[in-house]
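Structural description and commentary
Given next are the chains, with one letter for each unit.
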Amino acid sequence: MKQKEFFDQLQQQLGIKKASIFKAKIAKMLDISESGAYKKISGITQLTLSEMNQLCDYMNLKVSLVDDSATTGAINHSFAFHCDDIIRPPQTYEQWASNVLNHSLLMEKFKPDYKVISYQSEISYFHLLPFKNLLYFKLYAWNRSSWEIPMTKKFNLAEFRKNYALNSLLDKAYEHYISYKSIEIWHIDFLDGVLSQLKYYYQLDIFEKKEDVLEITRELSKLLSHLEEISKEGQKKLFGKKKKNSPVDIYVNYMHTSSSLIYIESPQFRIIYNLFLHPNYIRSQDEFICQYTDRWLQSLINQSELISGSGELIRNKFFMELADKIDRLDRELRDKF
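Below: a short report on this structure. None of the values given here were measured: they were computed from a predicted structure. (Residues numbered from 1 in each chain as written. Predicted model: local features only at pLDDT ≥ 70, side-chain atom pairs only at ≥ 80, totals over all residues. Heavy atoms only, no water.)

1. Quick notes on the packing of aromatic side chains
For the structure on display, the rule yields 27 aromatic pairs. Ring geometry for Tyr-93 versus Phe-160: centroids 5.1 Å apart, planes at 50°, classification tilted. In this pair, Tyr-93 sits in helix α6 (residues 93-105) while Phe-160 sits in helix α9 (residues 157-161), placing the two residues 67 residues apart along the sequence. Centre to centre, the rings of Trp-96 and Trp-147 are 6.1 Å apart; their planes meet at 45°, and the pair counts as tilted. Of this pair, Trp-96 sits in helix α6 while Trp-147 sits in the loop between α8 (132-145) and α9, and the two are 51 residues apart along the sequence. Of the two residues, Trp-96 and Trp-147, both sit in the buried class. Between Lys-236 and the ring centre of Tyr-177, over which it is positioned, the NZ or CZ distance is 3.9 Å. Taking the ring centre of Tyr-180 as reference, the NZ or CZ of Lys-236 above it sits at 4.0 Å. (Phe/Tyr/Trp six-rings, centres within 6.5 Å; stacked < 30°, edge-to-face > 60°. Helix = DSSP H or I, 4+ residues; strand = E, 2+ residues; numbered from the N terminus. Buried < 20%, exposed > 50% of the residue type's maximum accessible area, 1.4 Å probe, protein only. Lys NZ or Arg CZ within 6 Å of the ring centre and 35° of its normal.)

Given below as structure tokens:
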């Protein structure tokens, strides 16, 4: 049953003809604003399973979720994913950064009672934020594959460095990232994507200044040292600063190859952000999807190695292998100069 059909049936059962009275009734039943009730009734926002059950219990209704046209007898549970950047691709790099920052700051009102768990098949752009040369390159690569932001044919670090609005937004997003506690699961090969992109784009000759390539690879080494430092201490911190910020539990996983995702939970709500056609994240607050994601992440943690604050042997091996990959790429690029 579609959401609108559900509310049509509910309105009929209540015997309410006026839309305004029905809206007020739904708002009272769900303990939400009338504006929120209108969005539910109109299908602008999704009715969660718990809300539907709440309404059904109130009216003693039974609603079938089974697709009668199906022969398998399986439950047909529809849910919505939302994505700002896919519906309206950013027209500037600042717009993308502002979107990231705004979604981050929405969590502020739930502090300190929310938890954040992420699985990173590819290194998160939150880790790249203080390493701007590296992030500029990633923005350029993402634009070539996913966006249509006007850009020069050749990549030039200087063009990004003078974008003060972009850099200010990136700094604010980074300051927010280190302000909250989180759990992170890194895939063993989570750095491979950016290494392959550097090699590929160098071979395409997209760098206006070849020195920019070496500057980016040097920053890769700085990134690696920073990640190792926060892993040892189990604390987020501003790059280049001694002050420790929020705790972080870091795990290394060897097996799973799912897309990157972020799961956020508080007493008031749950939401997931799932990577879809990099760097876009689609999000959902569907109860079933959030429950499944939470269980999947807990299972993934049980199959991963903790390297933050402990696991010294695994941690050293992990970072030695990453350092070796960066060194190999650096030597290969220098040989081509």
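2. Description of the environment of Val-116
Along the polypeptide, Val-116 turns up in strand β1 (residues 115-120). Overall, Val-116 belongs to the buried group, its relative accessible area being 7%. Beyond its immediate stretch of four places on either side in the chain, Val-116 contacts Tyr-180, Lys-181, Ser-182, Ile-183, Ile-262, Tyr-263 and Ile-264. (Contact = heavy atoms within 4.5 Å.)

3. Looking at the layout of surface pockets
Size it by volume and the largest pocket reaches roughly 860 Å³. Forming the boundary of the largest pocket are 29 residues, of which Lys-40, Phe-269, Arg-270, Ile-271 and Gln-285 lie nearest the centre. (1 Å grid on protein atoms, 1.4 Å probe; cavity = no way out; pocket = protein on both sides within 12 Å on 5 of 7 lines; lining within 4 Å. Points joined across faces, edges and corners; volume = space filled by probe spheres on them.)

4. Overview of a nonpolar patch on the surface
On the surface, Ile-86, Ile-87, Phe-276 and Leu-277 cluster together into a nonpolar patch covering about 400 Å² of accessible area. Here Phe-276 lies in the loop between β5 (270-275) and β6 (281-284). (Patch = residues over 30% accessible without salt bridge, like charges linked within 9 Å, V, L, I, M, F, W, Y side chains within 5 Å. Areas by Shrake-Rupley, 256 points an atom, 1.4 Å probe, with all protein chains shown as cover. Salt bridge = Lys/Arg side-chain N within 4 Å of Asp/Glu carboxyl O.)

5. As for helix α13 (residues 287-302)
Its 16 residues place the ends of α13 23 Å apart at the C-alpha level, agreeing with the 22 Å of an ideal helix rising 1.5 Å per residue. Taken together, the buried positions of α13 are occupied by Ile-289, Cys-290, Thr-293, Asp-294, Leu-297, Leu-300 and Ile-301. End-on, the buried residues of α13 take up no more than an arc of 135°, which puts them together on one face. Opposite its buried face, α13 presents the exposed residues Tyr-292, Arg-295 and Asn-302, each directed more than 90 degrees away. In this structure, the buried side of α13 is in contact with β1, β2 (182-187), β3 (248-253), β4 (261-265), β5 and β6. (Expected span 1.5 Å × (residues − 1). Arc of directions from axis to C-beta.)

6. A closer look at the sheet that holds strand β7 (residues 305-306)
Pairing is mixed in the open sheet, where seven strands are placed in the order β6-β5-β4-β1-β2-β3-β7. In the strand order of this sheet, the two ends are held by β6 and β7, each with one partner. One ladder, built from six bridges, connects β2 with β3; its direction is parallel. Among the inter-strand pairings, Ile-185 is bridged to a residue of β3, identified as Tyr-251. (Pairing = 2+ DSSP bridges.)

7. Structural notes on unusual backbone geometry
In the segment running from His-278 into Pro-279, the intervening peptide bond is cis, with an omega of 10°. With respect to the secondary-structure elements, Pro-279 resides in the loop between β5 and β6. Phi at Asp-31 takes a positive value of approximately 60°, unusual for a residue other than glycine. Relative to the helices and strands, Asp-31 is located in the loop between α2 (19-30) and α3 (34-42). Look at Asp-31 and you get exposed, because its relative accessible area is 70%.

8. What to know about the packing of helix α12 (residues 210-233) against helix α14 (residues 312-335)
Taken N-terminus to C-terminus, the directions of α12 and α14 make an angle of 175°; their axes are 10 Å apart at the nearest point. As judged from the angle between their axes, α12 and α14 are roughly antiparallel. For the pair α12 and α14, the contacting residues are Val-213, Leu-214, Thr-217, Arg-218, Leu-220, Ser-221, Leu-224, Leu-227, Glu-228, Ser-231 and Lys-232 in the first and Arg-315, Asn-316, Phe-319, Leu-322, Ala-323, Ile-326, Leu-329, Asp-330, Leu-333 and Arg-334 in the second. Each residue belonging to the contact of α12 with α14 can be placed in one class, and the counts come to 11 nonpolar, four polar and six charged. (Axes fitted to C-alpha atoms, helices over the stretch in contact; angles between N-to-C directions. Parallel < 35°, antiparallel > 145°, perpendicular 65-115°, else oblique. Nonpolar A, V, L, I, M, F, W, Y, C, P; charged D, E, K, R; others polar.)

9. Topic: the pattern of salt bridges
By the definition in use, this model includes 16 salt bridges. Residue Asp-205 is joined to Lys-154 by a salt bridge in which the shortest nitrogen-to-oxygen separation is 3.2 Å. Residue Asp-205 is located in the loop between α11 (192-203) and α12, and its partner Lys-154 is located in the loop between α8 and α9; the two are separated by 51 residues in the primary sequence. Between Asp-189 and Lys-325 there is a salt bridge, with the nearest N and O atoms lying 3.1 Å from each other. Placement of the pair is Asp-189 in the loop between β2 and α11 and Lys-325 in helix α14, with a sequence separation of 136 residues. The buried category is assigned to Lys-325, whose relative accessible area is 18%. A network of salt bridges, in which partner residues are shared, links Lys-154, Asp-205 and Lys-210.

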